[in-house]
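Coordinate analysis (summary)
Spelled out, the chains give:
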Amino acid sequence: MTAPTKPVPTSPPSGSAPGAPRTPGVPHAAEAIAESLHIPVIAWFEAHARDLPWRRPEAGAWGVMVSEFMLQQTPVSRVLPVYEQWMDRWPRPADLAKEPSGEAVRAWGRLGYPRRALRLHGAAVAITERHGGDVPTGHAQLLALPGIGEYTAAAVASFAYGQRHAVLDTNVRRVFARIVGGNRYPPNATTAAERKVARALLPADESTAARWAAGSMELGALVCTAKNEDCGRCPVSNQCAWRLAGKPEHQGPPRRGQTYAGTDRQVRGKLLAVLREAVAPVPQAVLDRVWEEPVQRARALDGLVSDGLAEPLADGTYRLPLT
DNA sequence: CAGTCGTGGAC
DNA sequence: TGTCCAAGACT
């Protein structure tokens, strides 16, 4: 266990002394909920957090950032080996920035969504050019990098730099939906109401906020999971609105499932797999073998080219981009 | 804002 | 061989 071990503050992060009566008419409900959640969740985190390489001090901000890119929509178990190889090969942003983007795509392997590799490479170039080779510390600076959205900017600022940000990923959204909202699942898309809840629950103290962010996310990943949740191991099950309501089934619109077989995504994946394995430019005829239907096949290949994942050469062959 | 974008493991 | 899901970003 290598989670940060700073003590949890024993006094409320803001406001009056413990046990002091609330001022009538002033809404303190959110604060009260928050304070009763922070200590048990953070204590649980410090006892049960996984020992992941990007949580070790030597990972640095670059390691945190690389892991966040790889973890976007991808399970930890599949990220681990690729992360280790990646950090061995490119221990600093400038090391990656020197390489052609195609090398990043190749090293990405079968993690999926290979545009993330392209964006991570682009972010490394931007960091090298604009930030002297160091991952920027500001949320706005992070947000300006390719491949970094609201979640990843907050995650890097919080996990790498200990800042106070609401870190709203799918795990945290589910945890909050259950504890606060009394729902099995959050809405399909992140709502303003969810952001408001996340901000209201954020500890006032910076260091506590950072551990709360990591802890609430880990709770969603290990205990408060989408299926087969284990309320018996949850440190705040006694305060969970969903559990207290008898764990009602999901009400709203069905969570739209991802179809895959037969889609352009599948064809793109097959095409790019060939390009990744190839050491020399690949003739069109070889690519043609990955998919029967010519119209969809051509559309998929065009898509890869326009995304910058494949480079067409004058002789009709294709390769990963050298730029 | 709804669609698009990979991959593989669990059931 | 099907469904659901996994630390989202971008258009």
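Residues numbered from 1 in each chain as written. Chains lettered and ligands numbered in written order. Predicted model: local features only at pLDDT ≥ 70, side-chain atom pairs only at ≥ 80, totals over all residues. Heavy atoms only, no water.

Below, the discussion takes up the side chain of T208. With respect to the secondary-structure elements, T208 resides in helix α11 (residues 206-222). On the basis of relative accessibility, which here comes to 4%, the residue T208 falls in the buried class. A polar atom in the side chain of T208 sits 2.6 Å from the side chain of D205. (Helix = DSSP H or I, 4+ residues; strand = E, 2+ residues; numbered from the N terminus. Buried < 20%, exposed > 50% of the residue type's maximum accessible area, 1.4 Å probe, protein only. Polar contact = N/O pair within 3.5 Å; in protein donor to acceptor, adjacent residues only side chain to side chain.)

So, about the sheet that holds strand β3 (residues 317-319). Strand order in the open sheet formed by 3 strands is β1-β3-β2, with antiparallel pairing between adjacent strands. Bordering the open sheet on either side are β1 (282-283) and β2 (311-312), each of which pairs with just one other strand. Judged from the 2 bridges that link them, β1 and β3 form a sheet pairing that is antiparallel. Counterpart to V282 in the pairing with β3 is Y318. (Pairing = 2+ DSSP bridges.)

A few words on the protein's contact with DNA strand B. Around DNA strand B lies a shell of 16 residues, among which R78, R110, P114, R265 and R268 are the nearest. Among all atoms of DNA strand B positioned within 4 Å of the protein, those belonging to sugar or phosphate total 59%. At a separation of 3.2 Å, a base nitrogen of DNA strand B approaches a polar backbone atom of Q73. Here a base nitrogen of DNA strand B and a side-chain polar atom of R265 are 2.6 Å apart. (Near = heavy atom within 4 Å.)

By the assigned domains, chain A splits into domain 1 (29-45 + 166-205 + 216-244), domain 2 (53-159) and domain 3 (264-319). Using only C-alpha atoms to locate each centre, domain 1 and domain 3 end up separated by 43 Å. (Domains from an automatic or database assignment.)

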